[in-house]
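Observations on chain architecture
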Amino acid sequence: MNDEALVVIDMQNDFCPGGSLAVAGGDDIVPLVNDLIAGFDHVVMTQDWHPAGHSSFASSQPGKQPFEQVEMSYGLQTLWPDHCIQGSIGAEFHPGIVWTKTELVIRKGFDPAIDSYSAFFENDRTTPTGLAGYLRERGIGKVVLVGLATDFCVAFSALDAVSHGFDTTVRLDACRGIDLGGSMDAMLTAMRGAGVRLV
Ligand code: VGL
Ligand code: ZN
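Nothing here was measured: the structure is a model prediction, and the numbers come from that model. (Residues numbered from 1 in each chain as written. Chains lettered and ligands numbered in written order. Predicted model: local features only at pLDDT ≥ 70, side-chain atom pairs only at ≥ 80, totals over all residues. Heavy atoms only, no water.)

**Concerning the nonpolar core**
Ranked by internal contacts, the top residues of the largest apolar core, which has 56 residues, are L6, V8, F120 and L135. Residue contacts for L6: discarding those within four places in its chain leaves L36, I37, F40, H42, V43, V44, V144 and V146. V70, M72, Y74 and I114 belong to the second largest nonpolar core, which has six residues in total. (Core = buried A, V, L, I, M, F, W, Y, C linked by side-chain atoms within 4.5 Å. Buried < 20%, exposed > 50% of the residue type's maximum accessible area, 1.4 Å probe, protein only. Contact = heavy atoms within 4.5 Å.)

Dropping the structure here:
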């Protein structure tokens, strides 16, 4: 299917067990993600890619703990443990992921002042990453999303994909989530409501 791309979200060491923002079972999906990569003509990956001292790190906000929320210029932002620092082992793709055929890696979260969950927009919801333009120029109208974390980067990416008019599917069996304060149910409901196909 030449008009369809697999978008592999943030399959990085820091989101897998042993990493600084580990998602439970994050590495369980590696074999399935590899099978999917093998079966797609087009594969795009995202890589969370923060400078040290990023504003989304609790360690950068005096008196704040990870998983608290703060008001940023662009709205409410959850604070995270330091993770996916540019050039670190934690930011590398999980070593089991067979990523060699990947056509494009979209890095995100590199602006020190803005976090970026979605593969399409930073968290200010206006700064694009360029992915929509890339997919359109390449004639791709359908995306299938897999990876980490279901209720953050995968969900925000899927919502933006449908809003850009892409036929959008999330393979839940090839995702794992964080589930912070009910975020899993909330984001599954939001995705369903927006017309994301959850399978
Ligand atoms: C993610 C929190 C912070 C994700 C990235 O990949 O879902 N979550 N940065
Ligand atoms: Zn991040």
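**Concerning the site of ligand 1**
Taken together, D10, F15, L21, D48, W80, H83, Y117, L148, A149, F152 and C153 make up the full set of residues near ligand 1. In the environment of ligand 1, an oxygen atom lies 3.4 Å from a nitrogen or oxygen atom belonging to the backbone of L148. When ligand 1 sits alone it has 260 Å² of accessible area, and the protein chains cover 100% of it. A breakdown of the residues in the shell around ligand 1 according to their chemical character gives eight nonpolar, one polar and two charged. (Near = heavy atom within 4 Å. Polar contact = N/O pair within 3.5 Å; in protein donor to acceptor, adjacent residues only side chain to side chain. Areas by Shrake-Rupley, 256 points an atom, 1.4 Å probe, with all protein chains shown as cover. Nonpolar A, V, L, I, M, F, W, Y, C, P; charged D, E, K, R; others polar.)

**Details of the pattern of salt bridges**
Per the stated rule, a full pass over the model turns up seven salt bridges. Across the pair D10 and K108 runs a salt bridge whose closest N-O atoms are separated by 2.9 Å. You can see D10 sitting in the loop between β1 (4-9) and α1 (30-39) and its partner K108 sitting in strand β5 (residues 104-108), a full 98 residues away along the chain. Residue class for K108 comes out buried when judged on its relative accessible area of 1%. The closest approach of N and O atoms between D173 and R171, which form a salt bridge, is 2.8 Å. A relative accessible area of 37% places D173 in the partly exposed class. If you follow the salt bridges from partner to partner, you end up with D10, D48 and K108 in one network. (Salt bridge = Lys/Arg side-chain N within 4 Å of Asp/Glu carboxyl O. Helix = DSSP H or I, 4+ residues; strand = E, 2+ residues; numbered from the N terminus.)

**Examining the packing of helix α3 (residues 150-163) against helix α4 (residues 183-194)**
One can describe the packing of α3 onto α4 by two numbers: an axis separation of 10 Å at closest approach and a directional angle of 15°. Between α3 and α4, the crossing angle belongs to the class labelled roughly parallel. Crossing handedness for the pair α3 and α4: left-handed. In contact with T150, D151, F152, A155, F156, A158, L159 and V162 of α3, α4 contributes S183, M184, M187, A190, M191 and A194. When the residues that make up the contact of α3 with α4 are grouped by side-chain class, the tally is eleven nonpolar, two polar and one charged. (Axes fitted to C-alpha atoms, helices over the stretch in contact; angles between N-to-C directions. Parallel < 35°, antiparallel > 145°, perpendicular 65-115°, else oblique. Left-handed = near helix turned anticlockwise from the far one by under 90°.)

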